Amino acid sequence: QVQLVESGGGLVQPGGSLRLSCAASGSIFSIYAMGWYRQAPGNQRELVARITPGGTTNYADSVKGRFTISNDNAKNTVYLQMNSLKPEDTAVYYCNAQIRRLLITYVDDYWGQGTQVTVSS
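In short, a report on the structure. The shown structure was predicted, so the numbers you read here are calculated from the model rather than taken from an experiment.

It is worth spelling out the overall build of the protein chain at this point. Along the protein chain, the regular secondary structure elements total zero helices and eleven strands. Secondary structure of the protein chain in N-to-C order comes out as β-β-β-β-β-β-β-β-β-β-β. Its C-alpha radius of gyration of 14 Å places the protein chain within 12% of the 14 Å reference for a compact globule of 121 residues. By principal-axis analysis of the C-alpha atoms, the protein chain measures approximately 50 × 25 × 20 Å. Residues classed as buried in the protein chain amount to 40% of the 121 residues present. Restricting the contact set of the protein chain to residue pairs at least 6 apart, pairs at least 24 apart contribute 55%. In the protein chain, 10 positive and 8 negative side-chain charges are present, and the distance between their average locations comes to 4 Å.

This part is about the pairing of strand 4 (residues 28-39). Here ten bridges tie strand 4 to strand 9 (residues 91-101), and the two strands are oriented antiparallel to one another. Paired with Q39 across the bridge in strand 9 is V92. Bridge count for strand 4 against strand 5 (residues 46-51) is five bridges, and the pairing is antiparallel. Directly across from W36, in strand 5, lies its bridge partner A49.

Applying the stated criterion across every chain, the model contains four salt bridges. For the salt bridge of R38 with E46, the shortest nitrogen-to-oxygen distance reads 2.7 Å. The class of E46 is partly exposed, set by a relative accessible area of 35%. D89 is the salt-bridge partner of R66, the closest N and O atoms lying 2.7 Å from each other. You can see R66 sitting in the loop between strand 6 (57-59) and strand 7 (67-72) and its partner D89 sitting in the loop between strand 8 (77-82) and strand 9, a full 23 residues away along the chain. Across the pair, exposure class does not vary: R66 and D89 are buried alike. By sharing partners, the salt bridges in this structure join R38, E46, R66 and D89 into a single network.

Tracing the sequence through the fold places T77 in strand 8. Overall, the relative accessible area of 8% leaves T77 in the buried class. In terms of polar contacts, T77 uses its side chain to reach the backbone carbonyl oxygen of K75, at 2.8 Å. Each residue touching T77, except ones within four places of it in the same chain, is listed here: C22, A23, M34, S70, N71 and D72.

So, how was this worked out
Note on numbering: residues in each chain are counted from 1, in written sequence order. Local features in a predicted model are, by the rule used here, given only for residues with pLDDT of at least 70; side-chain atom pairs are given and counted only at 80 or more, and totals for whole chains, interfaces and linings are based on all residues. Computation of side-chain values covers all heavy atoms of the structure but excludes hydrogens and water. Every helix listed is a DSSP run of H or I at least four residues long, and every strand listed is a run of E at least two residues long, numbered separately from the N terminus. Radius of gyration: over C-alpha atoms. The globule rule applied is 2.2 Å multiplied by the number of residues raised to the 0.38 power. Exposure is judged per residue with a 1.4 Å probe applied to protein chains only, and the accessible area is read against the type maximum: over 50% gives exposed, under 20% gives buried, and values in between give partly exposed. It only takes one pair of heavy atoms within 4.5 Å for two residues to be counted as in contact. Counted charges follow a simple rule, with Lys and Arg positive, Asp and Glu negative, and His plus the chain ends left uncounted. Note on charges: their place is set at NZ of Lys, CZ of Arg, CG of Asp or CD of Glu. We treat two strands as partners when DSSP finds at least two bridges between them. Between Lys or Arg on one side and Asp or Glu on the other, a salt bridge is scored when a side-chain nitrogen of the former is within 4 Å of a carboxyl oxygen of the latter. Under the rule applied, a polar contact is a pair of N or O atoms within 3.5 Å (in protein, one hydrogen donor and one hydrogen acceptor; residues adjacent in sequence only if both atoms are side-chain atoms).

Laid out in structure tokens, this is it:
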């Protein structure tokens, strides 16, 4: 099995910052990518940022220049530094990882439990 454990959400004022972390553990053979998605009430889940073990990143246009995704391959951990937060960033943020498990030949998607980020004055 594989587990993704997130931390770092909370309430912040507009213009503030938060840092999310997500650690993957379990029977991992290799990680192909890790990233963050978010879902606001009434909206579909959307990609926020994604990073490969080699450091290739991609971001949603709405967060470019404000959010930075990074990783620590040795710890199977991904981070999302969120600066200049806006009320429209309010959502549940989900960690995602594309992982090949030990003794398994295919890659699966795994999700964290979600962490609430609320940007409000």
